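The residues making up each chain are set out below.
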Amino acid sequence: MNERESAPGGLALIEALVNTLDVETGTDALETEEGRTRFALTPADTPGARELREALRATLLAHAGHHPATGPRPPELGRLLTAAPLTITIAADGTAALTPSPAAPGVPALTARVAAAITEALLAGVWHRLKCCEAETCRWAYYDRSPASRGRWCSMSVCGARAKMRTYRARTRPA
């Protein structure tokens, strides 16, 4: 949907997971074997992965200053992440990292990878730059690289242009 470059680091995982659902067409990549394989999921993992995806979407909408009328709110993501099996690893040089526990399969492993990516992004000060498109028919995740971090749409040439045209038409329409 968007022409933007993928999010950096672990945020690319979150962006990819949120973008498994095409809101406009209703196509869900988690329904396909290929879509699940990308995240090391089984068909039984699909409901949990969807719940995680939609909690992430709500959080990314909040990053962009939008709140969905219905559905999970950002605190829901916090609840889901408390179950993430994570380990703090210390390298020989003394550096520390938060890593997913290797024994966790399916949704717990995906949740751990998401939690580690969020932690990495928080430490880098870029977590707030991962957002969802303002367009209700889109909701695509994107990484906002604008200097002021005020991007509103995944694609200025598609979603942004549509929104601006609607505003223009409403303003110029005879009363």
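Structure: see above.
Side chains of a nonpolar character, in soluble globular proteins, are inclined to be buried together. The biggest cluster of nonpolar side chains holds 34 residues, and the ones touching the most others in it are L11, I14, L56, L110, V114 and W127. Listed by contribution, the elements that provide at least two residues to this core are helix 1 (11-18), helix 3 (46-63), helix 4 (74-81), helix 5 (106-124), strand 5 (130-132) and strand 6 (141-143). Looking at this core, the element that brings in the most residues is helix 5, giving 8 residues. When residues no more than four places from it in sequence are discounted, the contact partners of I14 are L56, L60, V114, A117, I118, W127 and L130. Among the nonpolar cores identified, the runner-up in size contains 7 residues, and C133, A135, C138 and W140 belong to it.

Following both chains from N to C, one finds helix 1 and helix 5 inclined at 130°, their axes separated by 8 Å at the closest point. The orientation of helix 1 with respect to helix 5, classified from their angle, is oblique. Here the hand of the crossing between helix 1 and helix 5 comes out left-handed. Along the contact surface, helix 1 presents L11, L13, I14 and L17, while helix 5 presents L110, R113, V114, A117, I118 and A121. Per-class residue counts for the contact of helix 1 with helix 5 are 9 nonpolar, no polar and 1 charged.

Each regular strand carries side chains that alternate between the two faces of the sheet. Of the pairings in the sheet, the one linking strand 3 (residues 86-90) to strand 4 (residues 96-100) comprises 5 bridges and is antiparallel in character. Looking at strand 4, one finds that T89 is bridged to A97. Taking the residues between adjacent antiparallel strands as the criterion, strand 3 and strand 4 are bridged by 5 residues, where G94 takes a positive phi near 95°.

Moving on: helix 3. Its 18 residues give helix 3 an end-to-end C-alpha distance of 25 Å, which sits within 8% of 26 Å, the value for a rise of 1.5 Å per residue. Listing the buried residues of helix 3 in full gives T46, A49, L52, R53, A55, L56, R57, A58, T59, L60 and L61. Two residues or fewer past helix 3, G65 is found with a positive phi of approximately 85°.

The rules we used
Each chain has its residues counted from 1, running along the sequence as written. Residue-level local features of this predicted model are given only where pLDDT is at least 70; pairs of side-chain atoms are given and counted only at 80 or more, and the full residue set underlies all totals for whole chains, interfaces and linings. Calculated side-chain values reflect all of the structure's heavy atoms, with hydrogen atoms and water omitted. Only buried Ala, Val, Leu, Ile, Met, Phe, Trp, Tyr and Cys residues count toward a nonpolar core, and they belong to the same one when joined by side-chain atoms within 4.5 Å. When a residue's accessible area, from a 1.4 Å probe over protein chains only, is under 20% of the maximum for its type it is buried; when over 50% it is exposed; and in between it is partly exposed. Helix and strand labels come from DSSP, where a helix needs a run of H or I of at least four residues and a strand needs a run of E of at least two; each type is numbered from the N terminus. Here a residue-residue contact requires only that any non-hydrogen atoms of the pair lie within 4.5 Å. Axes here refer to lines fitted to C-alpha atoms; in helices the fit is confined to the stretch in contact. Angles between the N-to-C directions go from 0 to 180 degrees. Should an angle fall under 35 degrees it is taken as roughly parallel, and over 145 as roughly antiparallel, whereas 65 to 115 is taken as roughly perpendicular and any remaining angle as oblique. The handedness criterion is simple: a crossing whose near helix is rotated anticlockwise from the far helix by less than a right angle is left-handed, and one whose near helix is rotated clockwise is right-handed. Polarity classes work like this: nonpolar for Ala, Val, Leu, Ile, Met, Phe, Trp, Tyr, Cys and Pro, charged for Asp, Glu, Lys and Arg, and polar for all others, with Gly in that last group. DSSP calls a pair of strands paired once it identifies at least 2 bridges connecting them. Expected helix span is given by 1.5 Å per residue-to-residue step, counting one fewer step than there are residues.

That's the geometry; what it means functionally is another story.
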